[in-house]
Amino acid sequence: MPITEETPQVPINQYGKAKKMAEDMIMDFSKNSDMAIMILRYFNVIGSDPERRLGEAPRLELRDQGRISGACFDAARDIIPGIKVSYSFLPLHFTHRLKCSLIKPWCISLQVKGTDYKTHDGTCIRDYIDVTDLVDAHIKALQHAKPRNVGIYNVGTGKGRSVKEFVEACKKAMRADIKVDYIPRRPGDYAEVFSDPSKIRQ
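Sequence positions are assigned chain by chain, starting from 1 and proceeding in written order. This being a predicted model, a pLDDT of at least 70 is required before a residue's local features are given, and a value of 80 or more before pairs of side-chain atoms are given or counted; all residues contribute to the totals for chains, interfaces and linings. Side-chain numbers here rest on the full set of heavy atoms in the structure, without hydrogens or water.

A. Examining the overall build of the chain more closely. Counting its secondary structure elements, the chain contains five helices and eight strands. Scanning the chain from its N terminus toward the C terminus, one meets helices and strands in the order α-β-β-α-β-β-β-α-β-β-α-β-α. Here the contacts in the chain between residues at least 6 apart in sequence split such that 72% fall between residues at least 24 apart. Areas reported as accessible are Shrake-Rupley estimates using a 1.4 Å probe. Residue values count occlusion only from the protein chains shown. Accessible surface, the chain: about 13100 Å² in total, of which carbon and sulfur atoms supply 56%. The way it works is that DSSP assigns letters per residue, a run of H or I at least four long becomes a helix, a run of E at least two long becomes a strand, and they are numbered from the N terminus. It only takes one pair of heavy atoms within 4.5 Å for two residues to be counted as in contact.

B. Structural detail: the pattern of salt bridges. A carboxyl oxygen of Asp or Glu within 4 Å of a side-chain nitrogen of Lys or Arg is what we treat as a salt bridge. Under the counting rule described, the total for this entry stands at eight salt bridges. Close ionic contact of Asp136 with Lys140 constitutes a salt bridge, the shortest N to O distance being 2.9 Å. With Asp136 and Lys140 both in helix 3 (residues 131-144) and four residues apart, this pair spans about one turn of that helix. Residue Asp136 is classed as partly exposed on the basis of its relative accessible area, which comes to 34%. With a 1.4 Å probe rolled over the protein chains alone, any residue whose accessible area is under 20% of its type maximum counts as buried; one over 50% counts as exposed, and the rest are partly exposed.

C. Fine view of the packing of aromatic side chains. Under the pairing criterion, centres of Phe, Tyr and Trp rings, with the six-membered ring standing for Trp, must be within 6.5 Å; the plane angle then separates stacked pairs below 30 degrees from edge-to-face pairs above 60, leaving the rest tilted. Inspection of every chain in the model, using the stated rule, returns one aromatic pair. A centroid spacing of 4.6 Å and a plane angle of 40° characterise the contact between Tyr128 and Phe166, whose relative ring orientation is tilted. Remark: Phe166 occurs in helix 4 (residues 163-174) and Tyr128 occurs in strand 5 (residues 128-130); sequence separation between them is 38 residues. Residue Tyr128 shares its accessibility class with Phe166, and that shared class is buried. The positively charged end of Arg185 is found above the aromatic ring belonging to Tyr117, 4.0 Å away from the centroid. If you follow Lys199 out to its NZ or CZ, it ends over the ring of Tyr153, 4.8 Å from the centre. Whether a charge lies above a ring is judged from NZ of Lys or CZ of Arg, which has to be within 6 Å of the ring centre and within 35 degrees of the ring normal.

D. Quick look at helix 1 (residues 14-30). Multiplying one less than the number of residues by 1.5 Å gives the expected span of a helix. With 17 residues, helix 1 should cover 24 Å at 1.5 Å per step; its first-to-last C-alpha distance of 24 Å lies within 8% of that length. Buried within helix 1 are the following residues: Gly16, Glu23 and Ser30. All buried residues of helix 1 project into a common sector of 45° when viewed along the axis, lining one side. Exposed residues pointing more than 90 degrees away from the buried face of helix 1 are listed as Gln14, Met21 and Met25. In this structure, the buried side of helix 1 is in contact with strand 1 (36-42) and strand 6 (149-155). Throughout, the arc means the angular range of directions from the helix axis out to the C-beta atoms.

E. Representation of helix 3 in the model. Here helix 3 contains 14 residues, and its C-alpha end-to-end distance of 20 Å stays within 8% of the 20 Å for a straight helix at 1.5 Å per residue. Those residues of helix 3 lying buried are Leu134, Ala137 and Ala141. Viewed end-on, helix 3 has its buried residues packed into an arc of 55°, placing them on one side of the element. Set apart from the buried face of helix 3 by more than 90 degrees, the exposed residues are Leu142 and Gln143. Against strand 1, strand 2 (44-46), strand 5, strand 6 and helix 5 (198-201) lie the buried residues of helix 3.

F. View of the confidence of the model for the chain. Think of pLDDT as the predictor's per-residue confidence, scored from 0 to 100. Put simply, the chain has an average pLDDT of 78, and 72% of its residues get 70 or more. In this model residues 80-106 is a low-confidence stretch, pLDDT under 50, and it forms 49 contacts with partners more than four residues away in sequence or in other chains.

G. Region of the structure containing unusual backbone geometry. With a phi close to 55°, Arg148 is a non-glycine residue in the positive phi region. Following the sequence through the fold, Arg148 ends up in the loop between helix 3 and strand 6.

H. Local environment of a nonpolar patch on the surface. Patch rule: a residue counts if its relative accessible area is over 30% and it has no salt bridge; like charges are joined within 9 Å, and nonpolar side chains (Val, Leu, Ile, Met, Phe, Trp, Tyr) within 5 Å. Nonpolar side chains collect at one region of the surface, where Val10, Ile12 and Tyr190 lie side by side and expose about 270 Å² of accessible area between them. If you trace the backbone, Ile12 turns up in the segment before helix 1.

Laid out in structure tokens, this is it:
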């Protein structure tokens, strides 16, 4: 750590492998093209449009893979996107990352996967970048793209924060008590991942 643009890519899960395959295809394409190409390597994107035009509300079937900021928001408000009730029960088939009990009134908890990583508090460390900064990076990338050239840039903050630290920050920002369930880790997660964004800052 940190990860630079030259760090060897050794993905350990399907998501990482798919991203590397996409990059390999782009690089192969660039060998026979005059197109200006920019590859932006996102780290962990969080947040919403500050003007409230877009927010944290992906389709329900994608919620299990959603961003942690959206999951914290749901847990704090005791809601799941698309369902507007204050007291209810869930059908048997409706279980996902933010699970509710079938025998209790409406209750939602945030599930943090893994507390035994070799980090200062046992949870994964990630590099969280706000979506508005990501938009800015795209605009600047387009402005600096050059024909017959491939630019590769990390888009992150260069600072790692643990999942537990992120949840505590959400509690403070929303002034809400978020119920957290700590469950076993899932396979394919690195303990610590954060960027070296010095290249894109130049």
